Amino acid sequence: MSDQKPTVVFVHGAFAESASWNGVIAALYAEGVTSVAVANPLRSLAGDAAYVRDVIASIDGPVVLVGHSYGGLVISEASAGNDQVVGLVYAAGFVPEPGDSAFSLSASEPGSTLGDALDAHPISTGGLELVIRRPLFRDQFAADVPVQVAGLMGATQRPVTEAALKDAVQATTPGWKDRPSWHVFGSEDRNIPAAVHRAGAERAGSRGTTEIAGASHAVSVSQPEAVAATILDAIRGVAEDRAAA
């Protein structure tokens with residue numbers, strides 16, 4: 001496994017879906033990198049992380065995990081104690097300590113306007129499901145994405161349960177604590193303030209941090225080349241680590 005090029009596994013966050021990685025996947029494919037975009041269930045943190053672990057187990061060889069937004073919590077849980085995961089990339093993703101949740105981290109610095117943009121609907125299994133109101137979707141989530149593209153994103157957004165966003169990280173050693181991580185995010189993220197991303201990158205001892213001026217929360221859609229470049233840096237970094245070991 002140590003000599004294999006890693007497969008990149010993408011985990012989207014709330015109000016997105018797996019096609020949000022299309023531009024990044026295309027850029028990586030041009031560099032000979034194989035990738036898989038997970039359809040994150042967005043039902044519960046423990047359940048979502050277990051599903052991602054199942055996807056990882058189906059892959060032959062090492063994996064670099066990439067998480068966006070709430071997906072950052074999921075990859076932190078899914079990589080805990082998982083030797084198949086050799087590196088992590090947080091693309092506008094949360095970097096949690098044990099006990100952190102999406103709600104607690106998003107409120108750890110001022111600036112998020114997400115709460116005012118949400119609608120909540122009861123679901124038959126109990127609790128609430130959250131969506132971003134369509135008239136507000138572009139300004140809130142994807143302000144630097146073309147109007148027609150943002151419209152499609154709003155129409156195809158995957159709702160998340162309120163419970164998932166309140167679920168606390170249970171892993172005593174989230175993956176970023178004992179393997180290298182790289183971080184890319186936008187300065188104009190209205191879901192997760194850039195200050196939260198900066199703090200997360202510092203917490204994780206980031207091997208490479210890219211803050212993109214003017215970029216929104218939808219950084220994988222608006223800035224796919226920059227996200228791909230960060231992932232390629234991660235792939236090179238883990239290869240250098242293996243060669244030096």
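We now turn to the structure provided with this report. What you are looking at is a predicted structure, and each value in this text was computed from that prediction instead of being measured. (Residues numbered from 1 in each chain as written. Predicted model: local features only at pLDDT ≥ 70, side-chain atom pairs only at ≥ 80, totals over all residues. Heavy atoms only, no water.)

Side note on the overall build of the protein chain
Assigned secondary structure in the protein chain consists of ten helices and nine strands. Counting only C-alpha atoms and orienting by the principal axes, one finds that the protein chain spans roughly 50 × 35 × 30 Å. Looking at the protein chain as a whole, 51% of its 245 residues qualify as buried. In the protein chain, the proportion of contacts linking residues at least 24 apart, taken out of those at least 6 apart, comes to 73%. In the structure as shown, the protein chain presents an accessible area of about 10,000 Å², 51% of it carried by carbon and sulfur atoms. (Helix = DSSP H or I, 4+ residues; strand = E, 2+ residues; numbered from the N terminus. Buried < 20%, exposed > 50% of the residue type's maximum accessible area, 1.4 Å probe, protein only. Contact = heavy atoms within 4.5 Å. Areas by Shrake-Rupley, 256 points an atom, 1.4 Å probe, with all protein chains shown as cover.)

A few points about the pattern of salt bridges
When their charged atoms lie close together, side chains carrying opposite charge are able to pair. Under the definition given, this model contains eight salt bridges. Glu162 serves as the salt-bridge partner of Lys166, at 3.7 Å between the closest nitrogen and oxygen. Within this pair, Lys166 and its partner Glu162 are both found in helix α7 (residues 162–166), separated by four residues, close to a single helical turn. Among the ionic pairs, Asp233 bridges to Arg236, the shortest N-O distance being 2.5 Å. Within this pair, Asp233 and its partner Arg236 are both found in helix α10 (residues 224–244), separated by three residues, close to a single helical turn. (Salt bridge = Lys/Arg side-chain N within 4 Å of Asp/Glu carboxyl O.)

Overview of the pairing of strand β4 (residues 85–93)
Burial within β4 is extensive, with nine of its nine residues counted as buried. With seven bridges connecting them, strand β3 (residues 63–69) and β4 associate as parallel partners. Across the sheet, Val66 pairs through a bridge with Val89, a residue of β4. Handedness of the crossover is the feature at issue here: the chain leaves β3, passes through helix α3 (residues 71–78), returns alongside β4, and the resulting connection is right-handed. In the sheet, β4 pairs with strand β8 (residues 181–186) via four bridges, with the strands oriented parallel. Bridging from a neighbouring strand, Tyr90 pairs with His183 of β8. (Pairing = 2+ DSSP bridges. Right-handed = clockwise from strand over helix to strand, strands pointing away.)

Considerations on the packing of helix α5 (residues 134–141) against helix α6 (residues 147–156)
Angle between the axes and distance between the axes are the two parameters that describe a pair of packed helices. One can describe the packing of α5 onto α6 by two numbers: an axis separation of 9 Å at closest approach and a directional angle of 115°. Read as a crossing pair, α5 and α6 show a hand that is right-handed. Of the residues in α6, those touching α5 at Arg134, Phe137, Arg138 and Phe141 are Val147, Ala150, Gly151, Met153, Gly154 and Ala155. Along the lines of polarity and charge, the residues of the contact of α5 with α6 split into six nonpolar, two polar and two charged. (Axes fitted to C-alpha atoms, helices over the stretch in contact; angles between N-to-C directions. Left-handed = near helix turned anticlockwise from the far one by under 90°. Nonpolar A, V, L, I, M, F, W, Y, C, P; charged D, E, K, R; others polar.)

Details of unusual backbone geometry
Excluding glycine, residues mostly have negative phi values, and the peptide bonds linking residues are mostly trans. Of note in this structure, Ser69 is not a glycine but carries a positive phi near 60°. Look at Ser69 and you get buried, because its relative accessible area is 7%. With a phi angle near 55°, Ala92 is a residue other than glycine that sits in the positive phi range. Mapped onto the elements, Ala92 comes out in strand β4.

Re the sheet that holds strand β9 (residues 209–212)
Taken together, six strands build an open sheet; the order of strands is β2-β1-β3-β4-β8-β9 and the sheet is parallel. Looking at the sheet topology across the chains shown, the edges are occupied by β2 (35–38) and β9. Recorded for the sheet is a direction-independent mean angle of 15° between the axes of neighbouring strands. Here α3 sits on the sheet in contact with β1 (7–11), β3 and β4, set at roughly 150° to β3. Sitting on the sheet, helix α8 (residues 194–203) is in contact with β4, β8 and β9, with an inclination near 170° to β8.

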